[in-house]
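Next come the chains, spelled out residue by residue.
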There are 2 protein chains.
Amino acid sequence: MKTLIASLLGAAVLSASLTAQAQLDPEDQIKLRKAGYSFMAWNMGKIKAMAVDGTVEYDQQQILAAANTINAIAQSGMGALFGPGTDQDVGDQTTRVEPALFDNFPEVAELSRDLVAASNNLVEQAENGDQGDVRSAFAQVGRACSSCHDKYRKD
Amino acid sequence: MKTLIASLLGAAVLSASLTAQAQLDPEDQIKLRKAGYSFMAWNMGKIKAMAVDGTVEYDQQQILAAANTINAIAQSGMGALFGPGTDQDVGDQTTRVEPALFDNFPEVAELSRDLVAASNNLVEQAENGDQGDVRSAFAQVGRACSSCHDKYRKD
């Protein structure tokens, strides 16, 4: 385990953590938030392939595992990874964040809560297992992602 | 969402996925497995700070959120990210994986199951909330991490 990450003040939800004093340096914060979003995107891609595109055979356990991962990461306190100095590229880490995000934490927290709600529903539908319901819940999560990306992520 | 990740054949547990045909290229597989492990390590660090070192105030909801994240990632089918061609650096992605891992998938799957079991217990103890029990469960997860790192990760 890396000692550099040992002392972070995490928070369970973005709204509680946006103002938290992270003890990670800005470069590590950017690295870790990109890691979290990439890992969520990978799991979104798996659900899309199985439940939407049909390019991979539908497997309820794999859908549920992916949904649980998205849901857990969404609630992992990633707001702590948007600390001071992370509004631009730092060291080896590039970022596509729009600097405007840092002036609009209350709205970002609201968008984050939307993602948590949508991913809670995705887990519920994945547990129930109906493919149509999973597809709808997946689309809802996708809209939650996009609503933040459209405003606060550069192309 | 990135189209490159849309068609991956995921799997719920490492044992089921080590032989899966990933449709991601090797560079993306390495990037995503590093993302997953980094994100787990960040969450391990938060629990350590709160439950072991005491450098951050103990918060049961944050401990549980971190435990859920570790547990979900551990079960997200990361075996699919150790496909052919990922045993060495590819493109911009460096890897510390020991090539021997690719000759020992059954043992790696067993180590992965140990991690899942340990992180299941961590979630359970985080739900119960007793700090001593969380500390023990955290140590068990740490041992599961190390048992794989010692054999299959370069320093």
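The structure this text deals with has already been given above.
A. Here's a closer look at the overall build of chain A. Summing up its helical and strand segments, chain A has five helices and zero strands in all. When the elements of chain A are put in sequence order from the N terminus, they spell out α-α-α-α-α. Buried positions account for 51% of the 155 residues belonging to chain A. By element, 46% of the accessible surface of chain A is carried by carbon and sulfur atoms, the whole surface being about 6800 Å².

B. Representation of the packing of helix H4 (residues 105-128) of chain A against helix H5 (residues 131-152) of chain A. Residues and elements named next belong to chain A. Remark: H4 packs on H5, axes separated minimally by 8 Å, with the N-to-C direction vectors making an angle of 165 degrees. One finds that H4 runs roughly antiparallel with respect to H5. Seen from above, H4 lies across H5 with left-handed handedness. Each of Glu107, Val108, Leu111, Asp114, Leu115, Ala118, Ser119, Asn121, Leu122, Gln125 and Ala126 in H4 lies in contact with H5, whose residues at this interface are Asp133, Val134, Ala137, Phe138, Gln140, Val141, Ala144, Cys145, Ser147, Cys148, Lys151 and Tyr152. Here the residues of the contact of H4 with H5 sort into 14 nonpolar, five polar and four charged.

C. Region of interest: the pattern of salt bridges. All names here are of chain A. Applying the stated criterion to the full structure yields six salt bridges over all chains. For Lys48, the salt bridge identified is with Asp53, shortest N-O distance 2.9 Å. Residue Asp53 is classed as partly exposed on the basis of its relative accessible area of 37%. In this structure, Glu110 engages Arg113 in a salt bridge whose closest nitrogen and oxygen atoms are separated by 2.9 Å. Residue Glu110 and its partner Arg113 are located together in helix H4, separated by three residues, close to a single helical turn.

D. Inspection of helix H4 (residues 105-128) of chain B at higher detail. Counted at 1.5 Å a residue, the expected span for H4 of chain B with its 24 residues is 34 Å, and the 35 Å between its end C-alpha atoms agrees. Just past H4 of chain B, the residue Gly129 of chain B takes up positive phi, approximately 95 degrees.

E. Fine view of the side chain of Ser119 of chain A. Residues and elements named next belong to chain A. By secondary structure assignment, the location of Ser119 is in helix H4. Of the residues examined, Ser119 reaches a relative accessible area of 0% and is grouped as buried. Residues within four places of Ser119 in sequence aside, it is in contact with Ile70, Asn71, Ala74 and Val141.

F. Highlighting the environment of Gly129 of chain A. All names here are of chain A. Position of Gly129 among the secondary structure elements: in the loop between H4 and H5. When the C-alpha positions of Gly129 and Ala118 are compared, they lie 16 Å apart, and in sequence the two are eleven residues distant. The residues contacting Gly129, other than those within four sequence positions of it, are Tyr58 and Gln60.

Cut-offs used in this document
Residues numbered from 1 in each chain as written. Chains lettered and ligands numbered in written order. Predicted model: local features only at pLDDT ≥ 70, side-chain atom pairs only at ≥ 80, totals over all residues. Heavy atoms only, no water. Helix = DSSP H or I, 4+ residues; strand = E, 2+ residues; numbered from the N terminus. Buried < 20%, exposed > 50% of the residue type's maximum accessible area, 1.4 Å probe, protein only. Areas by Shrake-Rupley, 256 points an atom, 1.4 Å probe, with all protein chains shown as cover. Axes fitted to C-alpha atoms, helices over the stretch in contact; angles between N-to-C directions. Parallel < 35°, antiparallel > 145°, perpendicular 65-115°, else oblique. Left-handed = near helix turned anticlockwise from the far one by under 90°. Contact = heavy atoms within 4.5 Å. Nonpolar A, V, L, I, M, F, W, Y, C, P; charged D, E, K, R; others polar. Salt bridge = Lys/Arg side-chain N within 4 Å of Asp/Glu carboxyl O. Expected span 1.5 Å × (residues − 1).

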